[in-house]
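Each chain, letter by letter, is given below.
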Amino acid sequence: MSNNFEKISPESNDAKKLLLSELNNALNEDDSIPDAPSAEFDEDAAEGLQQIEAAKIPQLVSQINSNLSAQLKNKKKGLPKIPDQSMVIMTVVTLLILLIITFLVVKRLL
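Residues numbered from 1 in each chain as written. Predicted model: local features only at pLDDT ≥ 70, side-chain atom pairs only at ≥ 80, totals over all residues. Heavy atoms only, no water.

Let us look at the overall build of the chain. In terms of helices and strands, the chain carries five helices and zero strands. Counting over 110 residues, the chain shows a buried share of 6%. About 10,500 Å² of surface is accessible on the chain, with carbon and sulfur atoms providing 62% of the total. (Helix = DSSP H or I, 4+ residues; strand = E, 2+ residues; numbered from the N terminus. Buried < 20%, exposed > 50% of the residue type's maximum accessible area, 1.4 Å probe, protein only. Areas by Shrake-Rupley, 256 points an atom, 1.4 Å probe, with all protein chains shown as cover.)

In structure tokens:
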């Protein structure tokens, strides 16, 4: 695995060629860029889950859910409030109407 990582260095032009050929699916199995070690991660996760006692699982799930809801409530409290924009919209619409009326009046006079 370290062999494949040594092949790719940011300083070499070979790295660019290797990445482009990987994108084009032109590499064979030996030259391919290694993926994340997902099998090892899966094994570690399964091993960790086996160490948890079955009786504690509902308690852990409820604890995680309550922590998550508390975090979400705190996050919602921190969001800024959007002020009411109705007066600004009414002012802009009124100014546009006045501008159009002024344009039409000036156009008729000239």
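In this section: a nonpolar patch on the surface. A grouping of Ile-89, Val-93, Ile-97, Ile-101, Val-105, Val-106, Leu-109 and Leu-110 is seen on the molecular surface, where their side chains present a nonpolar patch of about 810 Å² in accessible area. With a relative accessible area of 71%, Leu-109 lands in the exposed category. (Patch = residues over 30% accessible without salt bridge, like charges linked within 9 Å, V, L, I, M, F, W, Y side chains within 5 Å. Salt bridge = Lys/Arg side-chain N within 4 Å of Asp/Glu carboxyl O.)

Together, Glu-40, Asp-42, Glu-43, Asp-44 and Glu-47 line one region of the surface with negative charge. Among the secondary structure elements, Asp-42 is positioned in helix H3 (residues 38–51). Classification of Asp-42 by relative accessible area gives partly exposed; the value is 47%. (Lys, Arg positive; Asp, Glu negative; His and termini not counted. Charge placed at Lys NZ, Arg CZ, Asp CG, Glu CD.)

So, on to the confidence of the model for the chain. Overall, the predicted model of the chain reaches an average pLDDT of 77, with 65% of residues at or above 70. The least confident element of the chain, judged by mean pLDDT, is helix H1 (residues 2–7) at 48; the most confident is helix H5 (residues 86–109) at 95. (pLDDT = per-residue confidence, 0-100.)

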